[in-house]
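So the chains spell out like this:
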Amino acid sequence: MKRLAVLLMCLGLAFGAHAETDLAGALSESAVPLVEILCMCTEISAFDEAPDALLASQAVKAYRTVFEEAPETDEEIYALLFAYGEYEPPPEEPEEILASRAEVDSAIDCGTGEIKLSVSVYRDYGDGFEFDLCLDVYLVPDSSSPFGARISRVFIPE
């Protein structure tokens, strides 16, 4: 009886994990450009729900750099990138953006409507791409977004 119960639990976990992996894996592929735009920002910092004004401004600037046909207003670009908050002009001019590359190390469905991407960030400071930092980027799936998701929060592990 114990063996049957354990077998059923294992099958349930295997099929449940497979469904989460499919959603997280598909989203991690489509959201890479979104994460790379975030990684271009030198003002990147951890946030929950809405980024600070400097990071938001730099992300809007990075979006315009990557995509020639960007929406006209900063508010529209902000809405494409972030799940929460509204665009506010920063109190000071943000630093320049950096050429960056993001590699998704893992993608996990949190079960709360968010997908957690653990990302390694490589930046070019002039001598080619070098490892710079690791991030946990939380995405909210959104089929109306060109990336399939929007950023809801960022955690920078030490």
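**Q** It is not clear to me how the packing of aromatic side chains should be interpreted in this structure. Could you clarify?
**A** Centre distance and the angle of the planes are the two values used to describe a pair of aromatic rings. Going through the model one piece at a time under the given rule, you end up with seven aromatic pairs. With centroids separated by 6.0 Å and ring planes inclined at 75 degrees, the aromatic side chains of Phe-47 and Phe-82 adopt a geometry described as edge-to-face. Taken together, the residues Phe-47 in strand 1 (residues 47-48) and Phe-82 in the loop between helix 4 (74-81) and strand 2 (100-109) connect sequence positions 35 residues apart. Given a relative accessible area of 3%, Phe-82 falls into the buried group. Note on Tyr-63 and Phe-67: the rings are 4.8 Å apart at their centroids and 40 degrees apart in plane angle, and the pair reads as tilted. Put simply, the rings of Phe-47, Tyr-78, Phe-82 and Tyr-87 pair up and form one aromatic cluster. The aromatic ring of Tyr-122 is capped on one face by Arg-101, whose charged end is 5.0 Å from the ring centroid. Stacked on the ring of Phe-129, the Lys or Arg Arg-101 has its end atom at 5.2 Å from the ring centre.

**Q** Any chance you could explain the nonpolar core here in plain terms?
**A** Soluble globular proteins: nonpolar side chains tend toward being buried together. If you look at the biggest cluster of nonpolar residues, it comprises 37 residues, and the most contacted ones within it are Leu-38, Leu-81, Phe-82, Leu-135, Val-137, Leu-139 and Ile-151. Only helix 2 (32-39), helix 3 (53-66), helix 4, strand 3 (115-124), strand 4 (129-141) and strand 5 (149-155) provide two or more residues apiece to this core. A total of six residues in this core trace back to one element, the largest contributor, which is helix 3. What Leu-38 contacts, discounting residues up to four positions off in sequence, is Ile-44, Leu-55, Phe-82, Val-137, Ile-151 and Val-154.

**Q** Help me understand the side chain of Ser-120 in this model?
**A** With respect to the secondary-structure elements, Ser-120 resides in strand 3. Classification of Ser-120 as buried rests on a relative accessible area of 8%. Of note is the side chain of Ser-120, whose polar atom sits 2.6 Å from the side chain of Asp-105.

The rules behind each value
Residues numbered from 1 in each chain as written. Predicted model: local features only at pLDDT ≥ 70, side-chain atom pairs only at ≥ 80, totals over all residues. Heavy atoms only, no water. Phe/Tyr/Trp six-rings, centres within 6.5 Å; stacked < 30°, edge-to-face > 60°. Helix = DSSP H or I, 4+ residues; strand = E, 2+ residues; numbered from the N terminus. Buried < 20%, exposed > 50% of the residue type's maximum accessible area, 1.4 Å probe, protein only. Lys NZ or Arg CZ within 6 Å of the ring centre and 35° of its normal. Core = buried A, V, L, I, M, F, W, Y, C linked by side-chain atoms within 4.5 Å. Contact = heavy atoms within 4.5 Å. Polar contact = N/O pair within 3.5 Å; in protein donor to acceptor, adjacent residues only side chain to side chain.

By themselves, these are just geometric observations and shouldn't be taken as functional.
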